[in-house]
Number of protein chains: 2
Amino acid sequence: MQNAVFKALSHPARRQILALLRKGPRLAGDLAAEFDTSWPTMSRHLAVLKEAELITAERQGNQILYRVNTSVLEDAASALLGLIGRDNGDDTLKEAAE
Amino acid sequence: MQNAVFKALSHPARRQILALLRKGPRLAGDLAAEFDTSWPTMSRHLAVLKEAELITAERQGNQILYRVNTSVLEDAASALLGLIGRDNGDDTLKEAAE
DNA sequence: ACTCAGTTTAGCGTAATTGCTAATTAGCAG
DNA sequence: CTGCTAATTAGCAATTACGCTAAACTGAGT
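Nothing here was measured: the structure is a model prediction, and the numbers come from that model.

Draft legend 1. Highlighting the sheet that holds strand β3 (residues 63-68) of chain B. Residue and element names in this part refer to chain B. Strand order across the open sheet formed by three strands is β1-β3-β2, with antiparallel pairing between neighbours. The sheet is open, and its two borders are formed by β1 (26-27) and β2 (55-60), each paired with just one other strand. Relative to β3, β1 is paired through two bridges, and the arrangement is antiparallel. Bridging from a neighbouring strand, Leu27 pairs with Leu65 of β3. Against the sheet, helix α2 (residues 12-22) engages β1, β2 and β3, with an angle of about 90° to β3.

Draft legend 2. Fine view of the protein's contact with DNA strand C. Taken together, 24 residues lie around DNA strand C, and A:Ser38, A:Thr41, B:Gly29, B:Pro40 and B:Gln63 are the ones closest in. Among the secondary structure elements, those contributing two or more residues to the surface near DNA strand C are α4 (39-51) of chain A together with α3 (28-33), α4 (39-51) and β3 of chain B. The greatest single-element share of the surface near DNA strand C, amounting to six residues, is contributed by α4(B). In the surface near DNA strand C, the residues fall into eleven nonpolar, ten polar and three charged.

Draft legend 3. Region of interest: the protein's contact with DNA strand D. Taken together, 23 residues lie near DNA strand D, and A:Gly29, A:Pro40, A:Ser43, A:Gln63 and B:Ser38 sit nearest. When residues in the surface near DNA strand D are grouped by element, the largest group, six residues, is from α4(A). Residue composition of the surface near DNA strand D, by class: ten nonpolar, ten polar and three charged.

Draft legend 4. Inspection of the relation of the copies chain A and chain B at higher detail. With an RMSD of 0.1 Å, the operation that places chain A on chain B is a rotation of 180° combined with a shift of 0.0 Å along the axis. Both copies of the chain, as the preceding transformation shows, are related through a two-fold rotation axis. Both copies share a contact surface, since 79% of the interface residues of chain A are interface residues in chain B too.

Draft legend 5. Region of the structure containing the interface of chain A and chain B. Listed per partner, the contact involves 24 residues of chain A and 23 residues of chain B. If you list the elements that add at least two residues to the side of chain A that touches chain B, you get α1 (2-9), α2 (12-22) and α5 (70-84) of chain A. Split into classes, the residues belonging to the side of chain A that touches chain B amount to 14 nonpolar, five polar and five charged.

Here is what the cut-offs are and how they apply
- Residues numbered from 1 in each chain as written.
- Chains lettered and ligands numbered in written order.
- Predicted model: local features only at pLDDT ≥ 70, side-chain atom pairs only at ≥ 80, totals over all residues.
- Pairing = 2+ DSSP bridges.
- Helix = DSSP H or I, 4+ residues; strand = E, 2+ residues; numbered from the N terminus.
- Contact = placed C-beta atoms within 7 Å.
- Axes fitted to C-alpha atoms, helices over the stretch in contact; angles between N-to-C directions.
- Near = placed C-beta within 6 Å.
- Nonpolar A, V, L, I, M, F, W, Y, C, P; charged D, E, K, R; others polar.
- Least-squares fit on C-alpha atoms with pLDDT ≥ 70 in both.

Next up, the structure:
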């Protein structure tokens, strides 16, 4: 659901999480260490992002590895571009990439 | 502030307003007629969008003409693309696709 | 000034979001 | 099973968002 995506993006901390994940997958603990907020608060932000399918979680033994789901992010960007009027279908992002 | 933009975008009614405005400027009353919500509710959504500078208002006699501010919308889309690592004239682009 | 259509502001109730601490689950090691 | 670490869930208080109705404001016309 698109709504969940934009809602998830509406919090700066969550956008920042995505920015960190952009550089590569990361353990939940690593992510939490980057922020001032408490661990549980962090965990909930991650849950919101996961709910929106903006990130995926993968257990690695004791820890959990998060990685960004670029396709959903692309869809969101696409939706915004669609709002401007430069109409792009579903796959125009590749061309926009250069 | 970028935060206000994403927050404004987080409500479906407001994205729908933008979608309508994409086709051209529109009077506040016209916009309100398209939605089920009450007039004041509509007005507040418009205020939020204006606050985020996603739209601009212009008085025309006793009515108000709203139009979308494409540049802010572009910036938001750009920010999302930046989160992916693509395009956007941004800096670091590491391992993007896999 | 008075009225009217158009629009916003004020005030209220409800629901969602945020962030915390404390408690709990999940997996690994001994 | 016990203990340890990693991460989530539970429960709470405070803040913000939503949508409504009623009231107020704005500009045009009379």
